[in-house]
Amino acid sequence: MADTDQNHRPSPDALLEEVIRERRGRLKIFLGAAPGVGKTYAMLEDARARLREGADLVVGIVETHGRAETEALLASLKMEGLEILPRRTVEYRGRPFGEMDLDAILARRPALVLVDELAHANIPGSRHLKRWEDVEEILDAGIDVHSTLNVQHLESLNDVVERITGVRVRETLPDGVLQRADEIELIDLPPQELIRRLEEGRVYVPEQARRAIGRFFSPGNLTALRELALRQAAERVDAQMLRYMRANAIPGPWPTRERIVVCIGEGAQALRLVRTAKRMAERRDAPWVALHVETHRQAGLPEADKDGITAALRLAEQLGADSAVLQGDRVADEILSFAKARNATQIVVGRARAGRWLRRAGRSVTAELLARTEEFDLLVVAGEEPRRSAAPDGPRPGQGAGQGAVARSGWRGYAAATAAVAAATAFAFLIDRWLPVANISVAYLLAVLLVAIRFGRGPSIHASVVAFFGFNFFFTEPRLTFAISDAQNIVTVFFFLAAAMITSNLAARLRAQVEATRIGAKRTANLYDFNRRIAAAAGLDNVLWAVVHHVASTMNGASLVLMPPEDGQGAPSASPREGGGLEIRAGFPPEDRLDEKAMAAARWAWDNGKPAGRGSTTLPSSDWLFLPLRTGRGEVGVLGVQLGAGTELLSPEQSRLLETLADQAAVAIERTALVSDVETARVAAETERLRAALLSSLSHDLRTPLVSILGAASSLHDYGGTLGEGERAELTQTIQEEAERLNRFVQNLLDMTRIGSGALKPRADWVDLGDVAGAALKRAGRILGGRGTRLDLAPDLPLLRADPVLLEQVFFNLIDNACKYAPDGTLVSVRAERRGGLVEIEVADQGPGIPEADRERVFDMFYRVEARDARAAGTGLGLAICRGILEAHGGTIAARPGRGGTGTAIVMTLPATAEPELPETGMPAGD
């Protein structure tokens, strides 16, 4: 009953997926086979219906491509009140382009936005490379999106479409975008109808339409593309149905589409099952899954049976099936639950004798499935299994881990069982005087239990039989015979035999389950230890050495990782480690070379993205097995494993563990690459930002004073004779002020260049702070204009060890910066006082102040807070130069709110070093 309730519970993964979907916006895709089928028109028609229902929707971007019908519909919707957001203009190679304004959509936050052409590539310089990434950001903001897509833009179909049409589509998007869509509406149009639309000029202009009909839009191409679109839509609808069934605990199956599950057991028949399922799947054009259920008996199977299971699962994967391995002792229940979860319609099993694979009420798994299967078609594949070459006392399929131990221990287990019964008999003779006969049987049961725990089922059953006869012969009347005179003793003896058999089976089964649990715990601990090692590894070399060391110790063999040479690598060393575009980057034990077969297998695994080498179907004569290290970005390397002596093939458990380790290793390698990529991208972005800021600064701060100088000079030249004395003086003053401004800008650029290159070396001398501040205020007289100044210096200020020219430049830049933001009639103050071993200097204004978020950034190059007067906005270099100069002197600089919370105070500190000792002046002699 508990199992039935559990099978009718919603899938936790499906529920979690639904919760995530509820937080995001919903995506609806209008899918078509080719341009011109009417996707955009259908999207606008759907928008009209929603608009009339009162929905809050806007047009993010719609591409009409000059099609009159689409333009007319869009204009009609605009008249009905549909809001169309303006496009963002992006310049590329000197030309303006209109792109979707992502920030405007996020700021507007409508309930629904229309975004045409999901696979569109954005103009370089946009926030995202592709439009589908813009859509992902919109969905993450909780906004629904309707979009359009042609099937040829799917990444997985790119090569298929090229083979069909001869045209390679440049704009693609990952298939996962379509898979994550909440709704798909297929816009279908027969090929002849689409060609007629082309001929009428309703898709392209006539000349372009004629070329399109002759190439891409041929009837055969359109038919093939139409089939691809129908298949994609059907698969997506099927996936949505499965998700709905799991989220709503619908047991199924719903036979909307053929799905086949083939059950793989041990033995040669497994390969025949796989081939039969493959033929069935091809005839029905149905997906299929190869399923193997591991029981607690798995550890006791002979190695030949384990290798057979591995080979069958590998063959299924090579033939295009998915593979799954489940754990459980109730095999039939596991198969039925899996088939329901996958919405399967057919189950393929092999014919087995009663007692094969799993015993349950005396029936085989096949018989139990036949008795219980009502929702599925069950195909039983006939075929006799070959006789086994194992020794007669070897473990047979269906035996548990305990019997595996028997095979390993041989006659010793049975001898130990006989000895244990003999010891129990001796002990029973000792207690026979005080305990009744029924209690003596406990000694035998204890012996049987110990044998089952130590040696497994076979010796424990042997012990049960020997104990039965020993108990009967020595302790039931008449003794020393096998005859039983008392009817009560007959019941006691046979109950003892039953109890001994049950005890031995339960103990052996418990031992096998403990062994299986131990193996599972060991696998989990192995993966945890591996993840911990690679997570702690800092660089690529450390990650690679952690990978090869762990894989080698886990597989009890050798391991290495091959990767392409790094960019910019120097000449190879005297002992080359490179071959065929791959080089050994790490190995344990250290490995410098691979033989020709191994290197060929490694290259094949790298080129084809599939395993190669020992145990695979490609170059199996190699001593090494190579697995590609794959991530979402492609292959990053190849993992090589050389198995230990005596190991021919990996078991299913080892294969899964090695694949998991390879996946984790690939992720770890990609993580190190991503760290490097992020740092490179950050540097590139910062370089681009500085370049753009420099160009902006040059275009503004050089051009503005030059325009003023040219204007004043031309006025003096052209109208000098007609201008009055005051006007000429004003123009002359303008020329002087703008020239000084231009000189300051050039000087700032030069200073910043010196600071950035490390060429700024202060020429330290003992200076008086009052002299430096006074000189800076005098120099800034023209800039101050109508602003007042106040100089407040503490009387105990020491002399400072600094470069007076550079320190004066700091004061001048700060005063200049204050004048840009503080209005006329306000006060600019300079204050200084000693605080322990430092001198604190403050330059304050009474302007609007600097926002808290910008107080640290104002010292970055080219960063500017918006000024009250755009003309007064500086280059963004002044404060950066101040910080560079002060840091060269061992000082600091920071921006704080002004006293009383108004304005800005730039606070500097400089070290107050010990003042020099001045020589004493000699006094004249006399009274």
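Residues numbered from 1 in each chain as written. Predicted model: local features only at pLDDT ≥ 70, side-chain atom pairs only at ≥ 80, totals over all residues. Heavy atoms only, no water.

A. Examining the overall build of the protein chain more closely. When helices and strands are counted, the protein chain shows 28 helices and 26 strands. Split into buried and exposed, the 927 residues of the protein chain put 44% on the buried side. The long-range fraction of contacts in the protein chain, counting pairs at least 24 apart against all pairs at least 6 apart in sequence, stands at 70%. When the accessible surface of the protein chain is split by element, carbon and sulfur atoms take 54% of a total near 47,800 Å². (Helix = DSSP H or I, 4+ residues; strand = E, 2+ residues; numbered from the N terminus. Buried < 20%, exposed > 50% of the residue type's maximum accessible area, 1.4 Å probe, protein only. Contact = heavy atoms within 4.5 Å. Areas by Shrake-Rupley, 256 points an atom, 1.4 Å probe, with all protein chains shown as cover.)

B. Geometry of the sheet that holds strand β10 (residues 288-294). With parallel pairing, the 5 strands of this open sheet are ordered in space as β11-β10-β9-β12-β13. Single-partner strands in this sheet number two, and they are β11 (322-327) and β13 (377-381). In this sheet, adjacent strand axes meet at a mean angle of 25 degrees when their direction is disregarded. Bridging between β10 and β11 involves 6 bridges; their strand directions are parallel. Its bridge partner lying in β11, V293 is registered against L326. (Pairing = 2+ DSSP bridges. Axes fitted to C-alpha atoms, helices over the stretch in contact; angles between N-to-C directions.)

C. Geometry of the pattern of salt bridges. Summed over all chains, the structure comprises 36 salt bridges. The partner of R52 in a salt bridge is E80, and the shortest N-O contact between them spans 3.6 Å. Highlighted residues: R52 in helix α3 (residues 39-52) and E80 in the loop between α4 (68-79) and β3 (83-84), separated in sequence by 28 residues. When its relative accessible area of 61% is taken as the criterion, R52 is described as exposed. Given the relative accessible area of 35%, E80 is considered partly exposed. Two residues, D816 and K820, come together in a salt bridge whose shortest N-O distance is 2.7 Å. One end of the pair is D816 and the other is K820, both in helix α27 (residues 804-821) and 4 residues apart, which spans about a single turn. The exposure classification of D816 matches that of K820, with both residues buried. (Salt bridge = Lys/Arg side-chain N within 4 Å of Asp/Glu carboxyl O.)

D. Local environment of the sheet that holds strand β23 (residues 827-835). Strand order in this open sheet of 5 strands is β21-β23-β24-β26-β25, and the pairing throughout is mixed. Edge positions in the sheet fall to β21 (788-793) and β25 (892-897), since each has one partner strand and no second. Across the sheet, the axes of successive neighbouring strands diverge by a mean angle of 15 degrees, strand direction being ignored. Sheet analysis places β21 next to β23, joined by 6 bridges and oriented parallel. Residue pairing across strands places G788 opposite L827, the latter belonging to β23. On the sheet, α27 packs against β23, β24 (838-844), β25 and β26 (904-911) and is oriented at approximately 170 degrees with respect to β26. Strands in contact with helix α28 (residues 878-888) are β25 and β26; relative to β25, the strand with the most contacts, it is inclined by about 135 degrees.

E. Expanded view of a nonpolar patch on the surface. Where nonpolar side chains cluster on the molecular surface, the patch consists of L446, L449, L450 and I453 and spans about 360 Å² of accessible area. Residue placement: L446 occurs in helix α18 (residues 437-455). (Patch = residues over 30% accessible without salt bridge, like charges linked within 9 Å, V, L, I, M, F, W, Y side chains within 5 Å.)

F. Highlighting the environment of F429. Here F429 lies in helix α17 (residues 411-431). Residue classification places F429 among the partly exposed residues on the basis of a relative accessible area of 40%. A sequence separation of 11 residues divides F429 from I440, and the C-alpha atoms of the two residues are 8.8 Å apart. When neighbours within four sequence positions are excluded, F429 is seen to be in contact with F474 and F475.

G. Molecular detail of a negative patch on the surface. Judged by side-chain charge, E317, D322, E659 and D663 come together as a negatively charged surface patch. Along the chain, D663 turns up in helix α23 (residues 652-719). (Lys, Arg positive; Asp, Glu negative; His and termini not counted. Charge placed at Lys NZ, Arg CZ, Asp CG, Glu CD.)

H. The confidence of the model for the protein chain, seen in detail. Mean pLDDT for the protein chain: 77, with 74% of residues reaching 70 or above. Counting interchain partners and residues more than four positions distant, the pLDDT-below-50 stretch residues 868-872 has 12 contacts. Below pLDDT 50 for its whole length, residues 922-927 participates in 0 contacts with residues either more than four positions away or in separate chains. (pLDDT = per-residue confidence, 0-100.)

I. Spatial organisation of the nonpolar core. Counting residues in each nonpolar core, the largest one holds 46 residues, and the members touching the most others are L769, L807, F811, L814, I841, I893 and M908. No other element matches α27, which puts 10 residues into this core. Dropping the residues within four chain positions of it, I841 is found in contact with L769, F811, R831, A832, I906, V907, M908 and L910. Within the second largest apolar cluster, 34 residues are counted, among which are V113, V177, L178 and L225. (Core = buried A, V, L, I, M, F, W, Y, C linked by side-chain atoms within 4.5 Å.)

J. Layout of the pairing of strand β9 (residues 260-263). Residues of β9 alternate between two faces, with I260 and V262 on one and V261 and C263 on the opposite face, all of them buried. By the bridge criterion, 4 bridges tie β9 to β10 in an arrangement that is parallel. Bridging across to β10, V262 finds its partner in A290.

K. Representation of the packing of α3 against α4 in the model. Following both chains from N to C, one finds α3 and α4 inclined at 15 degrees, their axes separated by 10 Å at the closest point. Regarding the angle of α3 to α4, the classification is roughly parallel. In the crossing of α3 with α4, the sense of the turn from one axis to the other is left-handed. Residues T40, Y41, L44, E45, R48 and L51 of α3 form the contact with α4, whose participating residues are E69, T70, L73, L74, S76 and L77. A per-class count over the contact of α3 with α4 returns 6 nonpolar, 3 polar and 3 charged. (Parallel < 35°, antiparallel > 145°, perpendicular 65-115°, else oblique. Left-handed = near helix turned anticlockwise from the far one by under 90°. Nonpolar A, V, L, I, M, F, W, Y, C, P; charged D, E, K, R; others polar.)

L. Quick peek at the packing of aromatic side chains. Using the criterion set out here, one finds 1 aromatic pair in the structure. Centre to centre, the rings of W624 and F626 are 6.2 Å apart; their planes meet at 20 degrees, and the pair counts as stacked. With respect to class, W624 is no different from F626; both count as buried. R779 extends its terminal NZ or CZ atom over the ring of F812, reaching a point 4.1 Å from the ring centre. (Phe/Tyr/Trp six-rings, centres within 6.5 Å; stacked < 30°, edge-to-face > 60°. Lys NZ or Arg CZ within 6 Å of the ring centre and 35° of its normal.)

M. How the structure looks around α4. Under the 1.5 Å per step criterion, the end-to-end length of α4 is 17 Å for 12 residues, consistent within 8% with the ideal 16 Å. Of all the residues in α4, the buried ones are T70, L73, L74 and L77. For α4, the angular spread of buried residues about the axis comes to 100 degrees, placing them on one side. Seen from the buried face of α4, the exposed residues on the opposite side, beyond 90 degrees, are A68 and M79. Looking at the buried residues of α4, the elements they touch are α3, β2 (57-61) and β3. (Expected span 1.5 Å × (residues − 1). Arc of directions from axis to C-beta.)

N. Molecular detail of the pairing of strand β14 (residues 558-563). Here β14 lies mainly inside the structure; 6 of its 6 residues are buried. What you see with β14 is no split at all: A558, L560 and L562 on one side and S559, V561 and M563 on the other are buried throughout. Here β14 runs beside strand β16 (residues 582-588); their pairing, made up of 5 bridges, is antiparallel. Opposite L560, over in β16, you have G587 as the bridge partner.

O. Broad picture of helix α14 (residues 331-341). Turning to α14, its buried residues number three or more, namely V331, A332, D333, I335, L336, F338 and A339. Downstream of α14 by one or two residues, N343 has phi in the positive range, about 55 degrees.

P. The packing of α14 against helix α15 (residues 365-372), seen in detail. Where α14 meets α15, the closest approach of the two axes is 9 Å, and the angle between their N-to-C directions is 50 degrees. As summarised for this structure, α14 and α15 are arranged oblique, according to the angle between their axes. You can see that α14 and α15 cross each other, and the crossing is right-handed. Between α14 and α15, the contacting residues are V331, A332, D333, I335 and L336 on the first element and V365, E368, L369 and R372 on the second.

Q. Quick peek at unusual backbone geometry. A cis amide bond links F588 to the next residue, P589, at an omega of -10 degrees. In this fold, P589 is placed in the loop between β16 and α22 (596-608). Positive phi is not limited to glycine here, since R109 has a value of about 50 degrees. The backbone of L619 shows a phi angle near 50 degrees, a positive value even though the residue is not glycine. Position of L619 relative to the elements: it lies in the loop between β17 (612-613) and β18 (625-631).

R. Structural view of the environment of M908. Residue position: M908 is located in strand β26. On the accessibility criterion, M908 (1% relative accessible area) is buried. Residues M908 and V839, 69 residues apart in the sequence, show an inter-C-alpha distance of 8.1 Å.

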